[in-house]
Amino acid sequence: MSNVPACPQCSLENTYPDGDNFVCADCAYEWPMAADAAEDEAQDAVVRDANGNVLANGDAVVLIKDLKVKGSSITLKVGTKVKSIRLVGGDHEVDCKMDAGNFMLKAAFLRKV
């Protein structure tokens, strides 16, 4: 049997591929096939720090470079320790809370402690 997924709207399995989309015959909902591939890649994505160590939610990290905050006069100093990071998707992979506020940082400027 083929690997056609169940409908995300009505959860019935009466679906079929049609060009670049999947179509549900019961509720007529259509969704793109490419979104399934993108979701699989996002789940398999591994975030690594500047030294190549794998980062996970809740890790503690240290800044390896002074970072200027856009639109502000704040500078995050090298050696600042950040506890309990959270990994998110997108260009800036790490969401963290510091004394200066909440920031989204790139993992390339962090080192795992």
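Below or above, wherever it landed, is the structure these notes cover. (Residues numbered from 1 in each chain as written. Predicted model: local features only at pLDDT ≥ 70, side-chain atom pairs only at ≥ 80, totals over all residues. Heavy atoms only, no water.)

### A short note on the pairing of strand β10 (residues 101-105)
When strand β9 (residues 94-98) meets β10, the two strands line up antiparallel, connected through 5 bridges. Its bridge partner lying in β10, Asp95 is registered against Met104. Linking β9 to β10, which pair antiparallel, is a turn of 2 residues. (Pairing = 2+ DSSP bridges. Helix = DSSP H or I, 4+ residues; strand = E, 2+ residues; numbered from the N terminus.)

### Looking at unusual backbone geometry
Most peptide bonds adopt trans geometry, and most residues besides glycine take a negative phi value. Even without being a glycine, Ala28 presents a positive backbone phi close to 65°. Looking at the secondary structure, you find Ala28 in the loop between β2 (21-24) and β3 (30-32). Positioned with a positive phi, Ser84 is a non-glycine residue whose angle comes to about 55°. As for its position among the elements, Ser84 is in the loop between β7 (81-82) and β8 (86-87). Residue class for Ser84 comes out exposed when judged on its relative accessible area of 51%. (Buried < 20%, exposed > 50% of the residue type's maximum accessible area, 1.4 Å probe, protein only.)

### Some remarks on the sheet that holds strand β11 (residues 110-112)
The strand order β7-β4-β11 describes an open sheet built from 3 strands, whose pairing is antiparallel. Lying at the two open borders of the sheet, with one neighbouring strand each, are β7 and β11. Here strand β4 (residues 61-63) runs beside β11; their pairing, made up of 3 bridges, is antiparallel. Counterpart to Val62 in the pairing with β11 is Arg111.

### A few points about the packing of aromatic side chains
All told, the structure shown has 2 aromatic pairs when counted by the stated rule. Pairing Phe22 with Trp31 gives two aromatic rings, centres 5.7 Å apart and planes at 40°, and the pair type is tilted. Like Phe22, the residue Trp31 is buried in the burial classification. Between Tyr29 and Trp31, the aromatic rings sit 5.7 Å apart at their centres with planes inclined by 20°, giving stacked as the arrangement. Owing to a relative accessible area of 7%, Trp31 belongs among the buried residues under this scheme. (Phe/Tyr/Trp six-rings, centres within 6.5 Å; stacked < 30°, edge-to-face > 60°.)

### Details of the sheet that holds β2
With respect to topology, 3 strands assemble into an open sheet ordered β1-β2-β3, the strand pairing being antiparallel. Only two strands of the sheet have a single neighbouring strand rather than two, namely β1 (15-18) and β3. Taking each pair of neighbouring strands and ignoring which way they run, the sheet shows an average axis angle of 30°. Sheet topology note: the β1/β2 ladder contains 4 bridges and is antiparallel. (Axes fitted to C-alpha atoms, helices over the stretch in contact; angles between N-to-C directions.)

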